[in-house]
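A structural walkthrough
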Amino acid sequence: MSAVDLPPGIGLLGTALGTFHAPRSARRRATISLVVVSVLLVITWYLVSRHPYRYHSSTQVVLPVAFALFSGLAFAVRSARVAITRDGVRWGWASLGFTQPTSRIACAHVFSDGIALEATRGSRWFLAARDWDRFDALVRQVRRAELPVKDHEGKAPIRQRLQSYGRFLDGLVVASALGALAVALWAA
């Protein structure tokens, strides 16, 4: 048995100052969509198996799988977390994540609708307010992590807002459920 004292910032995750989730309604919407699309996939496959040689059977088998993959992607993205640590900002899950280390963050631009993390090399990483619960606490934890912060009035520029996936992902979830229902009705 041994004890090792490691300095922060060498690739190991530090203690999170704050961990943030997607809004509860968005997580619920993604979960419901995944369940509905999965059930409709089974129903559609059952209906197609009764008459497998119809002209559009192959399309009716493949489309629900595509809708299930879209819903699964939305579920995975909505279950991810953002953790603010003194070592940087981490997006992901317990076993897989993407980290922007503090040493690579040149500035955290705070807007009324999000935070753009400007890297010393590369592009900005935008965390939209509508994609994360407790956005005011997220801003406080970024300041607490002693990242260089620059406040801006108003909304973020459109280049940063285009990185936000919230509305598109919610639309994709609803469209997947409706598409799976349409295919199930078509197969009936």
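Notes on the structure follow. These numbers come from a predicted model, not from an experiment.

**Remarks on the packing of helix 1 (residues 24–50) against helix 2 (residues 57–79)**
- It is the contact of helix 1 with helix 2, at a shortest axis distance of 9 Å, that shows an interaxial angle of 160 degrees. Looking at the two axes, helix 1 sits roughly antiparallel to helix 2. Handedness of the helix 1/helix 2 crossing: left-handed. Contact residues: Ala26, Arg27, Ala30, Thr31, Ser33, Leu34, Val37, Leu41, Thr44, Trp45 and Val48 in helix 1; Ser57, Gln60, Val61, Pro64, Val65, Phe67, Ala68, Ser71, Gly72, Ala74, Phe75 and Arg78 in helix 2.
- Grouping the constituent residues of the contact of helix 1 with helix 2 by class yields 14 nonpolar, seven polar and two charged.

**Focus on a nonpolar patch on the surface**
- Together, Val174, Leu178, Leu181 and Leu185 line one region of the surface with nonpolar side chains, adding up to about 380 Å² of accessible area.
- Looking at where leucine 181 falls in the secondary structure, it is placed in helix 5 (residues 166–187).

**Considerations on the layout of surface pockets**
- What the second largest pocket holds in volume is close to 160 Å³.
- The wall of the second largest pocket is formed by Trp91, Phe98, Trp125, Phe126, Leu127, Asp131, Trp132, Gln163 and Tyr165.
- No other element matches the three residues that strand 7 (residues 124–128) contributes to the lining of the second largest pocket.
- Taken together, the residues that form the lining of the second largest pocket break down as seven nonpolar, one polar and one charged.

**Concerning the packing of aromatic side chains**
- This model, assessed by the stated rule, comprises two aromatic pairs.
- A ring pair is formed by tryptophan 91 and tryptophan 93, whose centres lie 5.2 Å apart and whose planes are at 65 degrees; its orientation type is edge-to-face.
- Here tryptophan 91 falls in the buried class, since its relative accessible area comes to 15%.
- Consider the rings of tryptophan 91 and phenylalanine 98, whose centres lie 6.0 Å apart with planes at 25 degrees: the pair is stacked.

**With respect to the side chain of glutamine 100**
- Looking at the secondary structure, you find glutamine 100 in strand 4 (residues 97–101).
- Glutamine 100 gets classed as buried once you look at its relative accessible area, which sits at 9%.

**Digging into the nonpolar core**
- One finds Val82, Ile84, Val89, Ile115, Leu117 and Leu138 to be the most contacted residues of the largest nonpolar core, which totals 27 residues.
- Contributing elements (two or more residues each) for this core: strand 1 (16–20), helix 2, strand 2 (81–85), strand 3 (88–92), strand 5 (105–111), strand 6 (114–119), helix 3 (135–144) and helix 5.
- With five residues, helix 3 is the largest single contributor of residues to this core.
- When neighbours within four sequence positions are excluded, valine 82 is seen to be in contact with Gly18, Thr19, Phe20, Val89, Arg90, Trp91, Leu127, Trp132 and Leu138.
- In terms of nonpolar packing, the next biggest core, distinct from the first, is built from nine residues, Val37, Ala68, Ala180 and Val183 among them.

**Remarks on the pairing of strand 3**
- Here strand 3 lies mainly inside the structure; five of its five residues are buried.
- Of the two faces of strand 3, the one carrying Gly88, Arg90 and Gly92 and the one carrying Val89 and Trp91 are both buried.
- Here strand 2 hands over to strand 3 after two residues, the two strands then running antiparallel side by side.
- For strand 3 and strand 4, the ladder comprises five bridges, and the chain directions are antiparallel. Bridge pairing in strand 4 places tryptophan 91 opposite phenylalanine 98.

**Let's talk about the packing of helix 2 against helix 5**
- It is at 9 Å that the axes of helix 2 and helix 5 come closest, and there the two elements cross at 155 degrees. Here helix 5 runs roughly antiparallel to helix 2, going by the angle between their axes. In the packing of helix 2 onto helix 5, the handedness of the crossing is left-handed. Within the contact between the two elements, helix 2 uses Thr59, Gln60, Leu63, Pro64, Phe67, Phe70, Ser71, Ala74, Val77 and Arg78 and helix 5 uses Gly166, Leu169, Asp170, Leu172, Val173, Ser176, Gly179, Ala180, Val183, Trp186 and Ala187.

Scoring rules and cut-offs
- Residues numbered from 1 in each chain as written.
- Predicted model: local features only at pLDDT ≥ 70, side-chain atom pairs only at ≥ 80, totals over all residues.
- Heavy atoms only, no water.
- Axes fitted to C-alpha atoms, helices over the stretch in contact; angles between N-to-C directions.
- Helix = DSSP H or I, 4+ residues; strand = E, 2+ residues; numbered from the N terminus.
- Parallel < 35°, antiparallel > 145°, perpendicular 65-115°, else oblique.
- Left-handed = near helix turned anticlockwise from the far one by under 90°.
- Contact = heavy atoms within 4.5 Å.
- Nonpolar A, V, L, I, M, F, W, Y, C, P; charged D, E, K, R; others polar.
- Patch = residues over 30% accessible without salt bridge, like charges linked within 9 Å, V, L, I, M, F, W, Y side chains within 5 Å.
- Areas by Shrake-Rupley, 256 points an atom, 1.4 Å probe, with all protein chains shown as cover.
- Salt bridge = Lys/Arg side-chain N within 4 Å of Asp/Glu carboxyl O.
- 1 Å grid on protein atoms, 1.4 Å probe; cavity = no way out; pocket = protein on both sides within 12 Å on 5 of 7 lines; lining within 4 Å.
- Points joined across faces, edges and corners; volume = space filled by probe spheres on them.
- Phe/Tyr/Trp six-rings, centres within 6.5 Å; stacked < 30°, edge-to-face > 60°.
- Buried < 20%, exposed > 50% of the residue type's maximum accessible area, 1.4 Å probe, protein only.
- Core = buried A, V, L, I, M, F, W, Y, C linked by side-chain atoms within 4.5 Å.
- Pairing = 2+ DSSP bridges.

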